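Chain residues, written in single-letter form:
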Amino acid sequence: MKIVLGVGGGIAAYKAAELSRALMERDFEVQVVMTHAAEEFIRPLTFAALTNRKVITDLFASRSGEEVLASSVEHIRVARENQMLVVAPATADLLARFAHGLANDFLSTLYLAFTGKVILAPAMNTEMWNHAATRANVETLVGRGNIVLPPAEGSLACGEVGAGRLPDPVWIADAVQSLAAARHDMDGETVLVTAGPTQEPIDPVRYLTNRSSGKMGYAIAAAAAERGARVVLVSGPVNLPEPFGVQVVRVRSAVEMRNAVMAKLPESTIIVKAAAVADYHVANPPKQKIKKTPARLSLELDPTPDILAEVGRNKGDRLLIGFAAETTALVEEARRKMASKNADMVVANLVNQEGTGFESDENEVTLVMRTGEAVQVPRASKKIVAGRIFDQALKLRLALHALHDA
Ligand code: CTP
């Protein structure tokens, strides 16, 4: 596969040399494009020697006769010839220019002309990475479908410690390779995934929650993104890294999750409700901390909104996938939930088994479908189970359309 490696002007530019080599070793044909700032850190000759190819640094490489005409469309030629654009290090300045569509050098002009997959590996000082301007630019770029590889934590060239390091070049090359190999059967889909538990406040310092780790929902979001979908992940409080190329909306309570889901529903084509939403909450928790007394304390709990049921009532022709965590009568309970909530598929799992379910890295589920079919997915990693859910979901949608048309 032919790819462009864009190198920005940061201290991590030297690591891009190792990355170009790691990409060549994985059989990519690599065309390096450097910004002028990158040339301050590393010379083009290094990349030319590693990739056996002339490095592009200028939008206007030549200023005489026909060559001007040729170079003025060079960015279009490079955009058409390459399937992926990888930018490492992507500096704060590059992220800002990409987000706002500026075209003031070869790399930013190429970005605008590029229709293939874009992978950005930011590296910068922690404060710059956390700045509201950079956060907004990253959100814009992820929302556009660009894949942003999260920077690593550690000590930075500026002497500070925090997030902002360019990840290990071999790790980046592996990520590029797995993204290049991914199937593209979910291009054009927008998948809305919910994940994790919810936290329902009892007072300002206490809450009700459950044992969900969010691992299944995060694996589902990652699987859809790798297959080309645009993914919005509405996540309850979990301690997991954000999957590549996914827009994450963080919420705490069932009501916040409901509001985020209903706001994102119109733009979605597939909804997967993997979150373990609390069924009850304290409707109006006190503003002050509840004080200890010798008397018994009772909490009055009200039902939370059933998000799956509400989406089911408003789903139109979107594909709706729910989950059922059960301890007995798995398939029967899943069928009952599918019918009562108007879901198209229910992913049913037994939560009282060792090694699968809530906190584990593996799962074993039964996919119960509106067409009446029930498909067993044997015990496997949550990522593999996520892949099987989408394999079946895409088939199910075709079957439902065929039934509708008949
Ligand atoms: N769910 C939801 N909103 C709630 C509760 C559950 O959207 N307030 C969704 C979950 O995300 C999951 C599905 O409903 O996709 C089933 O969750 P589960 O807890 O198994 O079912 P309940 O409907 O809560 O039924 P029960 O607790 O009686 O088993």
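Structure first, text after, so check above.
In this convention, every chain numbers its residues from 1, walking through the sequence in written order. Note on the predicted model: pLDDT of at least 70 is required for a residue's local features to be given, and 80 or more for side-chain atom pairs to be given and counted; whole-chain, interface and lining totals, by contrast, use all residues. Side-chain measures here rest on the full set of heavy atoms in the structure, leaving out hydrogens and waters.

Q: Help me understand the overall build of the chain, please; the structure alone is not making it clear to me.
A: Counting from the N terminus, the helices are DSSP H or I runs at least four residues long and the strands are E runs at least two residues long. Looking only at helices and strands, one finds 15 helices and 19 strands in the chain. Expressed along its principal axes, the backbone C-alpha trace of the chain runs to roughly 85 × 65 × 35 Å. Burial here depends on accessible area, computed with a 1.4 Å probe over protein chains only, as a share of the maximum for the residue type. Under 20% is buried, over 50% is exposed, and the range in between is partly exposed. When the 406 residues of the chain are sorted by exposure, 51% land in the buried category. What makes two residues a contact is simply this: any of their non-hydrogen atoms within 4.5 Å. Long-range contacts, defined as pairs at least 24 residues apart, comprise 67% of the intrachain contacts of the chain with a sequence gap of at least 6. In this description, accessible areas are obtained by the Shrake-Rupley approach with a 1.4 Å probe, and a residue is regarded as covered only by the protein chains that are shown. About 19500 Å² of surface is accessible on the chain, with carbon and sulfur atoms providing 52% of the total. On the chain, the mean spot of the 45 positive side-chain charges and the mean spot of the 46 negative ones are 4 Å from each other. Positive charges come from Lys and Arg alone, negative charges from Asp and Glu alone, with His and the N- and C-terminal ends not counted. For charged residues, the charge sits on one atom: NZ in Lys, CZ in Arg, CG in Asp, CD in Glu.

Q: Just checking my understanding: could you explain the nonpolar core for this structure?
A: One recurring pattern in soluble globular proteins: nonpolar side chains tend to sit buried together. Residues belong to one nonpolar core when they are buried, are Ala, Val, Leu, Ile, Met, Phe, Trp, Tyr or Cys, and are joined through side-chain atoms within 4.5 Å. Judged by nonpolar contacts, the single largest core of 40 residues is most densely connected at Val191, Ile220 and Ile389. If we ignore the near neighbours within four places in the chain, the residues touching Ile220 are Val193, Val272, Ala274, Phe323, Ala386, Ile389 and Phe390. Judged by nonpolar contacts, the second largest core, of 32 residues, contains Ile3, Ile42, Val55 and Leu149.

Q: Would you take a moment to explain the sheet that holds strand S19 (residues 374–381) for this structure?
A: Following DSSP output, two strands are said to pair if at least two bridges run between them. Strand order in the open sheet formed by eight strands is S12-S11-S8-S13-S16-S17-S18-S19, and the pairing between neighbours is mixed. If you trace the sheet from one side to the other, it starts and ends with strand S12 (246–250) and S19, each paired once. Taken over all neighbouring pairs, the strand axes of this sheet differ in orientation by 20 degrees on average, direction set aside. Sheet topology note: the strand S13 (residues 270–273)/strand S16 (residues 319–326) ladder contains four bridges and is parallel. Under this scheme, a helix contributes an axis fitted over its contacting stretch, all axes are lines through C-alpha atoms, and angles between N-to-C directions fall in the 0 to 180 degree range.

Q: Honestly, the packing of aromatic side chains in this entry has me stumped. Any pointers?
A: The rule is short: rings of Phe, Tyr and Trp, with Trp giving its six-membered ring, pair when the centres are within 6.5 Å, and they are stacked under 30 degrees, edge-to-face over 60, tilted in between. Counted according to the given criterion, the structure contains one aromatic pair. When the centroid spacing of 4.3 Å and the interplanar angle of 15 degrees are considered together, the rings of Phe98 and Tyr111 count as stacked. Placement of the pair is Phe98 in helix H6 (residues 92–100) and Tyr111 in helix H7 (residues 106–113), with a sequence separation of 13 residues. Ring-over charges, as used throughout, are those where CZ of Arg or NZ of Lys falls within 6 Å of the ring centre and within 35 degrees of the ring normal. If you follow Arg135 out to its NZ or CZ, it ends over the ring of Trp129, 4.6 Å from the centre.

Q: How do you make sense of the site of the ligand when you look at a structure like this?
A: Nearness is judged by heavy atoms alone; a residue qualifies as near a molecule or strand once a single heavy atom is within 4 Å of it. In the vicinity of the ligand, 16 residues are found, and the nearest of them are Lys273, Leu308, Phe323, Lys337 and Lys341. Between N or O atoms, a polar contact is any pair within 3.5 Å; within protein, one atom must be a potential hydrogen donor and the other a potential acceptor, and residues adjacent in sequence are included only when both atoms are from side chains. One of the backbone nitrogen or oxygen atoms of Ala325 is found 3.2 Å away from an oxygen atom of the ligand. Compared with its free state, where it exposes 570 Å², the ligand has 78% of that area covered by protein. Looking at the shell around the ligand, the elements that each hand over two or more residues are helix H13 (307–313), S16 and helix H14 (330–341). No other element matches S16, which puts four residues into the shell around the ligand. Split by residue class, the shell around the ligand holds nine nonpolar, two polar and five charged. The nonpolar class holds Ala, Val, Leu, Ile, Met, Phe, Trp, Tyr, Cys and Pro. Asp, Glu, Lys and Arg form the charged class, and all remaining residues, Gly among them, are polar.

Q: Explanation requested: the side chain of Glu200 in the structure shown.
A: Positionally, Glu200 belongs in strand S9 (residues 200–203). One side-chain nitrogen of Lys or Arg within 4 Å of one carboxyl oxygen of Asp or Glu is enough to make a salt bridge. No salt bridge is formed by the buried Glu200, whose closest oppositely charged neighbour, Arg252, lies at an N-O distance of 9.4 Å. Excluding its chain neighbours within four sequence positions, the residues that come into contact with Glu200 are Arg206, Tyr207, Leu208, Ser253, Ala254, Ala278, Tyr280, His281 and Thr304.

Q: Explanation requested: unusual backbone geometry in the structure shown.
A: Note: most peptide bonds trans; most residues except glycine with negative phi. With an omega of -5 degrees, the peptide bond between Ala88 and Pro89 qualifies as cis. As for its placement among the helices and strands, Pro89 is situated in strand S3 (residues 84–90). The phi dihedral of Asn52 is positive, around 60 degrees, even though this residue is not glycine. Mapped onto the secondary structure, Asn52 falls in the loop between helix H3 (44–51) and helix H4 (65–72).

Q: Is there a simple way to explain the pattern of salt bridges in this structure?
A: Pairing is possible between side chains that carry opposite charge, provided their charged atoms lie close to one another. Here the structure, examined in full by the defined rule, presents 22 salt bridges. Here Asp203 and Arg206 are joined by a salt bridge, their closest N and O atoms 2.5 Å apart. On the accessibility criterion, Asp203 (2% relative accessible area) is buried. In the salt-bridge network here, residues are joined through shared partners; they are Glu74, Arg77 and Glu81.

Q: I keep staring at the sheet that holds strand S5 (residues 147–148) and nothing clicks. Help me out?
A: Ordered by their spatial adjacency, five strands build an open sheet running S2-S1-S3-S4-S5, and the pairing between neighbours is parallel. Whereas interior strands pair on both sides, the edge strands pair on one side only; in this sheet they are strand S2 (29–34) and S5. In the sheet, strand S1 (residues 2–7) pairs with S2 via six bridges, with the strands oriented parallel. Counterpart to Val4 in the pairing with S2 is Gln31.

Q: Even after reading the chapter, I still don't get the side chain of Glu189, so can you show me in this structure?
A: Position of Glu189 among the secondary structure elements: in the loop between helix H10 (169–181) and strand S8 (190–195). Only 2.3 Å separates the side chain of Glu189 from the side chain of Arg397, close enough to count as a polar contact. Not counting the four nearest positions on each side in its chain, Glu189 is found in contact with Ala229, Arg230, Thr269, Ile270, Leu394 and Arg397.

Q: It is not clear to me how H10 should be interpreted in this structure. Could you clarify?
A: Turn by turn, an α-helix covers 3.6 residues, leaving residues three or four places apart pointing in a common direction. Multiplying 1.5 Å by the helix residue count minus one yields the expected span of that helix. Taking 1.5 Å as the rise per residue, H10 with 13 residues should run 18 Å; its terminal C-alpha atoms sit 18 Å apart, in good agreement. Of all the residues in H10, the buried ones are Pro169, Ile172, Ala173, Ala175, Val176 and Leu179. Seen along its axis, H10 keeps its buried residues to an arc of 160 degrees; they face one direction. In this context, the arc is that of the directions from the helix axis out to the C-beta atoms.

Q: Could you clarify how one ought to interpret the packing of H6 against helix H9 (residues 132–143) in this entry?
A: A pair of packed helices is characterised by two quantities: the angle between their axes and the separation of those axes. Two elements in contact, H6 and H9, have axes whose closest approach is 9 Å; the angle formed by their N-to-C orientations is 50 degrees. In terms of their interaxial angle, H6 and H9 are classed as oblique. For the element pair H6 and H9, the recorded crossing hand is left-handed. Only Thr134, Asn137, Val138, Thr140 and Leu141 of H9 make contact with H6, whose side of the interface consists of Ala92, Leu95, Ala96, Phe98, Ala99 and His100. Per-class residue counts for the contact of H6 with H9 are seven nonpolar, four polar and no charged. Between 65 and 115 degrees an angle is taken as roughly perpendicular, under 35 as roughly parallel, over 145 as roughly antiparallel, and anywhere else as oblique. By convention, the crossing between two helices is left-handed when the near helix turns anticlockwise from the far helix through less than a right angle, and right-handed when the turn is clockwise.

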